Amino acid sequence: MKNRAILLPIAVAAITTVSSGLAWSQEFKPSKQIETVVHTGPGGGSDLLARAIAELLQKEKLVSQRLQVVNKSGGGSAVAMSYLAEKKGETHTIGFFTGVWVTNPLTTAEATVTIKDLTPVVRLVLEPAVIAVKADSPYKNMKDFIDAAKKNPKQLAQSGGSVTSRDNLMRLLIQKATGAQWNFISFPSGGERLSNLLGGHVQIMVIEPQEAGEQIRAGNLRVIAALGEKRLASLPNVPTLKEQGIDVPLIPQARGVMAPPGVPREVVQYWEGVFDRFEKTATWKQYLEQNQFEDGYLKGPGLSKFFDDLTAQMREVLKEAGAKVVR
């Protein structure tokens, strides 16, 4: 009897706690469309992913309100991050982050918002990348391009996103490792970067398979290197940088969802619940496979630790690449 007397209050407390958690998670439900902020222009990686997820969430009936994608490009990720920070406490706004949300504030003294100022929700994918040239380019592999860049310093060019993007950091690392020199031209949207490559205005581009897939399948692009520890399953004949004798640090690319600062905990729980169910759907698994993403689902303390580790790693990569780290 004595043991039952002790256990009963504990059981009641546990039930109360569980019930409270359930009540919290059920407490918030969007009552209007969700403003969904991305830092790229139309056609950029974040824009494409956000629009695809908005459509798939509706298809799976996991959200009752429409996700309206809003492009806030400029300043690397600074414009989008500042916009999200200004929405402090706003329950109907989310943003899609990438690694540039970590690297941009590290190298931009004027940036007023860092990833620590926002509310992490979930990490969704880890994304490989490739180096591509136009299909009729004379460059069949990295050696061809590096040799040409050494022979004609600063005469060749690469299209890309912001100067703190993975695109440009990989350029700086490869240049330092090989001694070759070529220019980097920044464009706000993925469509502009790709059209300049296809138009012959630049000679090379670091691109995610998601963005390049259609052009690769159509035979308009040639992939000359995989930026990963191993070759991509979809491009088994394309060697990695390391296999081609260029041993440089690899820069991970992660994509996921942030909320403004100061949002109620039940809002985060709502979105965690939505994406918990979403990442188990066949629709999402098919999307990952078609776009050659790796499932990178992460939330809670694990996601906070990921950002801390990534920040520390990127400080070292930026220094290695010769960039000035300001914080």
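As shown above, the structure is provided for reference.
Criteria and thresholds
- Residues numbered from 1 in each chain as written.
- Predicted model: local features only at pLDDT ≥ 70, side-chain atom pairs only at ≥ 80, totals over all residues.
- Heavy atoms only, no water.
- Buried < 20%, exposed > 50% of the residue type's maximum accessible area, 1.4 Å probe, protein only.
- Helix = DSSP H or I, 4+ residues; strand = E, 2+ residues; numbered from the N terminus.
- Pairing = 2+ DSSP bridges.
- Axes fitted to C-alpha atoms, helices over the stretch in contact; angles between N-to-C directions.
- Contact = heavy atoms within 4.5 Å.
- 1 Å grid on protein atoms, 1.4 Å probe; cavity = no way out; pocket = protein on both sides within 12 Å on 5 of 7 lines; lining within 4 Å.
- Points joined across faces, edges and corners; volume = space filled by probe spheres on them.
- Nonpolar A, V, L, I, M, F, W, Y, C, P; charged D, E, K, R; others polar.

**Observations regarding the pairing of strand β4 (residues 119-126)**
For a regular strand, side chains alternate in direction, first toward one face of the sheet and then toward the other.
Thought 1: Counting buried positions along β4 gives six out of eight residues, so the element sits mostly inside the fold.
Thought 2: Note that β4 and strand β11 (residues 294-299) share four bridges and pair antiparallel. Looking at the pairing, Leu126 lines up with Glu294 of β11.

**Details of the sheet that holds strand β1 (residues 34-38)**
Thought 1: One open sheet holds the six strands; their spatial order is β2-β1-β3-β10-β4-β11, and the pairing between them is mixed. The sheet is open, and its two edges are formed by β2 (67-71) and β11, each paired on a single side. Sheet twist, expressed as the mean angle between neighbouring strand axes with direction ignored, is 25 degrees.
Thought 2: Note: strand β3 (residues 93-97) against strand β10 (residues 254-259), three bridges, orientation antiparallel. Its bridge partner lying in β10, Gly95 is registered against Met258.
Thought 3: Seen against the sheet, helix α2 (residues 45-59) touches β1, β2, β3, β4 and β10 and runs at an angle of roughly 170 degrees to β2.

**Thoughts on empty space enclosed by the protein**
Thought 1: A full pass over the atoms with the stated rule returns one cavity of 30 Å³ or more.
Thought 2: Put simply, the largest cavity is a space of about 50 Å³.
Thought 3: Considering the residues around the largest cavity, the lining is formed by Ile131, Met142, Gln158, Met170, Arg171, Ile174, Trp182, Ile204, Met205 and Val206.
Thought 4: When residues of the lining of the largest cavity are traced back to their parent elements, those giving at least two are α6 (166-178) and β8 (204-207).
Thought 5: Partitioned by chemical class, the residues of the lining of the largest cavity number eight nonpolar, one polar and one charged.

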